Amino acid sequence: MLRRFVSIRMPHLPADLAKRRRRMRMKQETAARIDPRNAGSSGRTAPTPADLRDGPAGFVLVVDLRHNAQRVIDCCSNSVEMGIRSMMTLTEARAILASNPSNASSPESLVLSPATPRRDLADLRRLAAACLRFAPITAVDGSDGILLDLSGCHRILARRGGESGLLDRIDRCFGRHGFTVSLAAADTAPAARAWAGYRDAWRPDRGGHATPGVRIAGPATRDPRIISPDATSARLDGLPIESLDLDPDTLEALRAVNVRLVGELRRLPRIALPARYGAAVLHRIDQAMGRAPTILDPVRPSSAVSVRREFDGPVRSRSVIELAIADLLNPLRRRLAGLEAGARVVRLRAERPMDRDWLDGVELRRPTRRRRRLWAMLQPLIERLPLDGGVDALELEVPRHRRMPHEGSPLIHDSTRRGVASPGVRIDVETTEFIEGVQARFGAVAIQRMRTPSGHIPEDEAGFASVDDPAEHPTGPGAVFGGEPRPTVVHRPPVPIEVGCRASLPTTVLHGGMRHVVASEWGPERIGAPWWRAPSDGNGDDEELRREHRRDYWRLELECGTWIWVFQASSDRRWFLHGTWA
């Protein structure tokens, strides 16, 4: 199968994202001035293409503190044309812009945005997911690129203008939303990445031998963005060695021996490259030429339902956070209603400028999209949200939801139908909501229930488990296990007693300073320890009893009418009272 890849490089991604966020805030402020009711809207209104094109061009600089100075991390294409470069100090950038007479009278055209790498990476992942409309497999490529795998799509592309038509559609789509992109298509992902990023720096490699039938005078083919299958070697040989994504130390060592192009690097003896420059050099070359596979981490479409609210600056007021989350519940419920589903897991994510994102969630016992119930489950999360450094954005996410059955709304309220999810099935809504509220505030193990696991060891026949664990079939008091009745009261640990025997049959029982005569007996019933329970060192009597290999149990009826359950240990022949029938 012919494999083809498309690389989308966004050289000014941080600046483009900063400009897009600024446009979105301006549109929301304009809408709020026109209609004050829109001021509290929590929906993320996307800017139209006209919003991204209109207005002054402006200069967007993404700055961060590096080497004890405010430096430009990234800038828009307008700033690049003015001579601003990455890692330039902010003072130098301001001086360059002020030297231009057209910008001296408009200081508001300069927009400074702090660097937010984690937020930019999250937006890049969303862009990669949106590119699933162009290819069946997409992946994030570094911090400023997206890779599309077009393998097996050549017949579909042939009916829609081929690869050139696809690249044109991608270029128009990203351009409408304000992104500057560089596109390329090739047989391998590294070759497409290198051609998209360094196509302008290509120059013929005069030192090598020309490939028969391939022109190497320049990338003047039918579409300069596309590398044909028979021209991969010639195109890569003319690119700088920086296109192979080698580490800085390796690049510096190659420049020291006057190796500037990929073709010059490929002409070096392969056997000497790993010893001098590391094994990564050969691996990168083999990946670019298709001799070694390139592993992609594809972006998978998420079925989660999420809504997001961004603030103009860090918010440290809990009341403002509560209002924002209350506003987010409306679009969240509308999306769930569109899916005819209810939330089973709700997560609250808070983006903090000076720390990593805060994430917490709660699980519901039954699907719901009722506003009052969702708000009650989110309140403990809001109380635990740290606000020391402020919050830049909030996101409500429902990663797991379940389809809800249709219910008719009665004309007259009937309290007997409250909590009915389907005919014949009753749900105790009050109990369920109480359990959900306690678990959301104190944890999932705050409420426990009795469990009756299957087993023949008396000490293991009852215990406690989380209320969310799958329930076994309880045996109940006085139930029969293996055809034998069990006492209604079990002593933990068993109580040592003295039993008098005649002809190996119990006749008297001494317990609590009183001697009781046995009226009737039934036994013995031998219960052995499971084979996987190996003897181990223990300190308490209960642990010693658990390590007994055999016990001979008897059901005894005393003269007073009480039935007791006793056993004799196999190790030291001692007797113990283990249970009583009430």
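Residues numbered from 1 in each chain as written. Predicted model: local features only at pLDDT ≥ 70, side-chain atom pairs only at ≥ 80, totals over all residues. Heavy atoms only, no water.

K.L.:
Describe in detail the overall build of the protein, supporting the description with residues and values.
P.N.:
When you go through the protein residue by residue, the secondary structure sums to 18 helices and 23 strands. Looking at the 582 residues of the protein, the share that counts as buried comes to 41%. Long-range pairs, those at least 24 residues apart, make up 60% of the contacts in the protein with a sequence separation of at least 6. Here the protein has roughly 32500 Å² of accessible surface; of this, 53% comes from carbon and sulfur atoms. (Helix = DSSP H or I, 4+ residues; strand = E, 2+ residues; numbered from the N terminus. Buried < 20%, exposed > 50% of the residue type's maximum accessible area, 1.4 Å probe, protein only. Contact = heavy atoms within 4.5 Å. Areas by Shrake-Rupley, 256 points an atom, 1.4 Å probe, with all protein chains shown as cover.)

K.L.:
Can you tell me about the pairing of strand β20 (residues 514-528), naming the residues and giving the values?
P.N.:
Look at any regular strand and the pattern is simple: side chains alternate between the two faces of the sheet. Looking at chain direction, strand β19 (residues 505-511) and β20 are connected through 4 bridges and run antiparallel. Residue V509 lies in a different strand from β20, and its bridge partner there is H516. Connecting β19 to the next strand, β20, in antiparallel fashion are 2 residues, including G512 with a positive phi near 70 degrees. Relative to strand β21 (residues 550-558), β20 runs antiparallel, the two sharing 8 bridges. (Pairing = 2+ DSSP bridges.)

K.L.:
Quick rundown of helix α6 (residues 117-130)? Include the residues and the values.
P.N.:
Since there are 3.6 residues in each turn of an α-helix, residues three or four apart along the chain are aligned in direction. In a regular helix each residue adds 1.5 Å, so 14 residues correspond to 20 Å; α6 covers 20 Å between its end C-alpha atoms and thus fits that length. Those residues of α6 not exposed but buried are R119, D120, D123, L124, L127 and A128. (Expected span 1.5 Å × (residues − 1).)

K.L.:
Tell me about the nonpolar core, residues and numbers included.
P.N.:
Among the nonpolar cores identified, the biggest contains 30 residues, and I321, I325, L332, L348, V391, L394 and L396 are the most heavily contacted of them. Mapped onto this core, the elements with two or more residues apiece are β8 (305-315), α15 (318-338), β9 (341-351), β10 (358-368), α16 (371-384) and β11 (391-403). One finds L147, A192, L236 and V262 within the second-largest nonpolar core, a separate group that totals 28 residues. (Core = buried A, V, L, I, M, F, W, Y, C linked by side-chain atoms within 4.5 Å.)

K.L.:
Tell me about the sheet that holds β8, and name the residues and values.
P.N.:
Taking strand neighbours across the sheet as the criterion, the 4 strands line up as β8-β11-β9-β10 in an open arrangement whose pairing is antiparallel. Where the open sheet ends on each side, the last strands, each with one partner, are β8 and β10. Across the sheet, the axes of successive neighbouring strands diverge by a mean angle of 15 degrees, strand direction being ignored. Contacts from α15 reach β8, β9 and β11, with the element oriented near 155 degrees to β8. (Axes fitted to C-alpha atoms, helices over the stretch in contact; angles between N-to-C directions.)

K.L.:
Give a detailed account of the state of the cysteines, specifying residues and quantitative values.
P.N.:
Counted according to the given criterion, the structure contains 0 disulfides. C76 supplies the cysteine sulfur nearest to C75, a cysteine that is in no disulfide, at a spacing of 6.3 Å. Note on C75: relative accessible area 4%, which makes it buried. (Disulfide = S-S within 2.5 Å.)

K.L.:
Give me the lowdown on the packing of α15 against α16, citing residues and values where you can.
P.N.:
The interhelical angle for the contact between α15 and α16, taken along N-to-C directions, is 145 degrees, at an axis separation of 11 Å. As for how α15 packs across α16, the hand of that crossing is right-handed. Seen from α15, the contacting residues are R318, I321, E322, I325, A326, L329, N330 and R333; seen from α16, they are R371, L374, W375, L378, I382 and E383. Of the residues contributing to the contact of α15 with α16, the split by class is 8 nonpolar, 1 polar and 5 charged. (Left-handed = near helix turned anticlockwise from the far one by under 90°. Nonpolar A, V, L, I, M, F, W, Y, C, P; charged D, E, K, R; others polar.)

K.L.:
Outline the pattern of salt bridges, listing residues and values.
P.N.:
According to the stated counting rule, one finds 31 salt bridges in the structure shown. Ionic pairing is found between D286 and R291, a salt bridge with its closest N-O pair at 3.1 Å. Residue class for R291 comes out exposed when judged on its relative accessible area of 51%. The salt bridge involving R352 is made with D355; its shortest N-O contact spans 3.6 Å. For D355, a relative accessible area of 40% corresponds to the partly exposed category. Beyond isolated ion pairs, a larger network of salt bridges with shared partners links R119, R308, E310, R349, E351 and E395. (Salt bridge = Lys/Arg side-chain N within 4 Å of Asp/Glu carboxyl O.)

K.L.:
An account of the sheet that holds β20 is needed here, citing residue identities and associated values.
P.N.:
Ordered in space as β18-β19-β20-β21-β22-β23, the 6 strands form a closed barrel in which the pairing is antiparallel. Averaged over all pairs of adjacent strands, the angle between strand axes in this sheet comes to 45 degrees, irrespective of strand direction.

K.L.:
Give a description of the packing of aromatic side chains that names residues and reports values.
P.N.:
Counting across every chain of the model gives 5 aromatic pairs. Ring centres of W195 and W202 lie 6.5 Å apart, and the angle between their planes is 75 degrees; this geometry places the pair in the edge-to-face category. There is no split in this pair, since W195 and W202 are both buried. Judged by centre distance (5.3 Å) and plane angle (20 degrees), the ring pair of F567 and F576 falls under stacked. The pair F567 / F576 is uniform in exposure class, with both members buried. One cation-aromatic arrangement involves R235 over W202; the distance from NZ or CZ to the ring centre is 5.5 Å. (Phe/Tyr/Trp six-rings, centres within 6.5 Å; stacked < 30°, edge-to-face > 60°. Lys NZ or Arg CZ within 6 Å of the ring centre and 35° of its normal.)

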